[in-house]
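# Fold and geometry: a report
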Amino acid sequence: MRTKHYSHIVLFVSAIFCLLTLSSCYHQKPKTHDAFVEYNERQRDSISFSSSRHYTKNYNFVVKADSITLVHQQPEEVASGLPIDSFEVYKHNHLVVADIRMLSADSVDSVWVQIARDQTTIGWIHESDLLPNVVPDDPISQFISTFSDIHLLIFLIVISFIAAGYLARTFTRKKARIVHFNDIDSVYPTLLAVVVAASATFYASIQTFAPEVWRHFYYHPTLNPFSVPTLLSIFLISVWSIIIIALAAVDDTLHLLNKADAILYLCGLGAVCAVNYIVFSISTLYYIGYIFLALYIYFAFDRYYNYSMAKYICGNCGAKLVHKGRCPHCGATNE
């Protein structure tokens, strides 16, 4: 017993020794608050530029236009009208901001940006010529840029209304299920359509009343709703809610309808959500989207509660019933 006791002590001491051996002293340097840090004039200009333009040196872009033109010469030479040597960078080329220069004497644009594709391909361009033709090198920013394109938006509007009209006609002829009108006994499709409408309204509101907040998010995107200002946090929570509610809506639909009817119903739900996004994001820019949203929320939940939600159970077969009366499943009368 004593030998066993000593072996436990030796094992414990050995473990402590190993921990001490693997550990090392660490001295944490005292942190200095940003308010007490002294910056030189160039650093102050860089910080000011970054806060107003939301990008700075070493920021990465991707060319989205067919091509953009850069010049080898310095901005002062270009502004003076000296001969220049230009070259092109093309679509999908990755670029990095190498330098930024303010040239107040330039009557076209006082901001010049030096960008590099690689170590040998580097040149200057006006900021006003650069930004419309590039997109931040981040998939979220590229997604935002794609869906902000006016040509794509017009295309989506036309396609969405054509699809909605076609599906509405199909549903009317076949008396198929469709959200708001001949809905299933699940609140998730209705909730999804409402949340999409509310998110589109809130998205347009941020762009209208806090454009710099949205612009900063565009250049520094994230999907974490807890690392951004309150407005963006609410928007990101609504985006995550759409994903979660959509999964619940799909699951309920597949359980309540057969496969063919479920696919048709989900297509109709997608068309309704697409129309909601377009209508509410555009109408909010003209301040009437808020009235439409209030009316739509009332309409959507009123339709679901009065015409889709099963409030009764058939006394004969146990099937769910929206209203009292004849059971569509077994034919029994429920009073």
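Described in the following lines is the structure provided in the data block. (Residues numbered from 1 in each chain as written. Predicted model: local features only at pLDDT ≥ 70, side-chain atom pairs only at ≥ 80, totals over all residues. Heavy atoms only, no water.)

### Topic: the overall build of the protein chain
Along the backbone of the protein chain there are eleven helices and eleven strands. Expressed as a percentage of its 335 residues, the buried residues of the protein chain come to 35%. Considering only contacts within the protein chain whose residues lie at least 6 apart along the sequence, 58% involve residues at least 24 apart. If you sum the accessible surface of the protein chain, you get close to 21200 Å²; carbon and sulfur atoms cover 62% of it. (Helix = DSSP H or I, 4+ residues; strand = E, 2+ residues; numbered from the N terminus. Buried < 20%, exposed > 50% of the residue type's maximum accessible area, 1.4 Å probe, protein only. Contact = heavy atoms within 4.5 Å. Areas by Shrake-Rupley, 256 points an atom, 1.4 Å probe, with all protein chains shown as cover.)

### Focus: the pairing of strand β6 (residues 122-126)
Burial analysis of β6 places four of its five residues in the buried class, the great majority of the element. With five bridges connecting them, strand β5 (residues 111-116) and β6 associate as antiparallel partners. In the strand pairing of β6, I115 is matched with G123. Counting the residues between successive antiparallel strands, the hairpin from β5 to β6 contains five residues. (Pairing = 2+ DSSP bridges.)

### Examining the pattern of salt bridges
Evaluation of the coordinates by the stated rule reveals two salt bridges. A salt bridge links R101 to E76, with the shortest nitrogen-to-oxygen separation between them at 3.1 Å. Separated by 25 residues along the polypeptide, R101 in strand β4 (residues 94-102) and E76 in helix α3 (residues 75-79) bring together distant segments of the chain. Taking the relative accessible area as the measure of exposure, R101 reaches 23% and is therefore partly exposed. Across the salt bridge formed by R117 and D118, the nearest N and O atoms sit 3.5 Å from each other. (Salt bridge = Lys/Arg side-chain N within 4 Å of Asp/Glu carboxyl O.)

### Notes on the nonpolar core
By size, the foremost hydrophobic cluster in this structure holds 31 residues, and its most contacted members are Y55, F61, I68, V97, I115, L130 and W214. Here this core takes four residues from helix α8 (residues 211-219), the largest share from any one element. With sequence-adjacent residues up to four places away left out, V97 is seen in contact with Y55, T56, K57, N58, Y59, F61, V113, Q114 and I115. (Core = buried A, V, L, I, M, F, W, Y, C linked by side-chain atoms within 4.5 Å.)

### Quick look at the packing of helix α7 (residues 187-209) against helix α10 (residues 259-285)
Closest axis-to-axis distance for the α7/α10 pair is 8 Å, and the angle between their directions is 25°. Between α7 and α10, the angle is such that the two are roughly parallel. α7 and α10 meet at a crossing whose hand is right-handed. Counting all contacts with α7, which are made through P189, L192, A193, V196, A197, A200, T201, Y203, A204, S205 and T208, the residues of α10 involved are Y265, L269, V272, C273, N276, Y277, F280, S281, T284 and L285. Classifying every residue of the contact of α7 with α10 gives 15 nonpolar, six polar and no charged. (Axes fitted to C-alpha atoms, helices over the stretch in contact; angles between N-to-C directions. Parallel < 35°, antiparallel > 145°, perpendicular 65-115°, else oblique. Left-handed = near helix turned anticlockwise from the far one by under 90°. Nonpolar A, V, L, I, M, F, W, Y, C, P; charged D, E, K, R; others polar.)

### Overview of the environment of D251
One can find D251 in helix α9 (residues 230-256). With 63 residues separating them in the primary sequence, D251 and Y188 have C-alpha atoms 9.6 Å apart.

### Focus on the packing of α7 against α9
For the pair α7 and α9, interaxial distance at closest approach is 9 Å and the crossing angle is 160°. Judged by the angle between their axes, α7 and α9 are roughly antiparallel. By crossing handedness, the relation of α7 to α9 is classed as left-handed. In this structure, α7 uses Y188, P189, L191, L192, V195, V196, S199, F202, Y203 and I206 to contact α9, whose residues at the interface are L231, L232, I234, F235, S238, S241, I242, I245, A246, A248, A249 and D252. Grouping the constituent residues of the contact of α7 with α9 by class yields 18 nonpolar, three polar and one charged.

### A short note on unusual backbone geometry
Unlike most non-glycine residues, H92 shows phi in positive territory, near 75°. Structurally, the position occupied by H92 is in the loop between β3 (86-90) and β4. Judged by relative accessible area, which is 56%, H92 ranks as exposed. Its identity as a non-glycine residue notwithstanding, H180 has a phi of 80°, on the positive side. Along the chain, H180 turns up in the loop between α6 (150-174) and α7.

### Quick word on the packing of aromatic side chains
This model, assessed by the stated rule, comprises 14 aromatic pairs. With a centroid separation of 6.4 Å and 55° between ring planes, the pair formed by Y55 and Y59 is classed as tilted. Of the two residues examined, Y55 and Y59, each falls in the buried class. Put simply, the rings of Y55, Y59, F61, Y218 and Y219 pair up and form one aromatic cluster. (Phe/Tyr/Trp six-rings, centres within 6.5 Å; stacked < 30°, edge-to-face > 60°.)

None of the figures reported here should be taken as evidence of function without further support.
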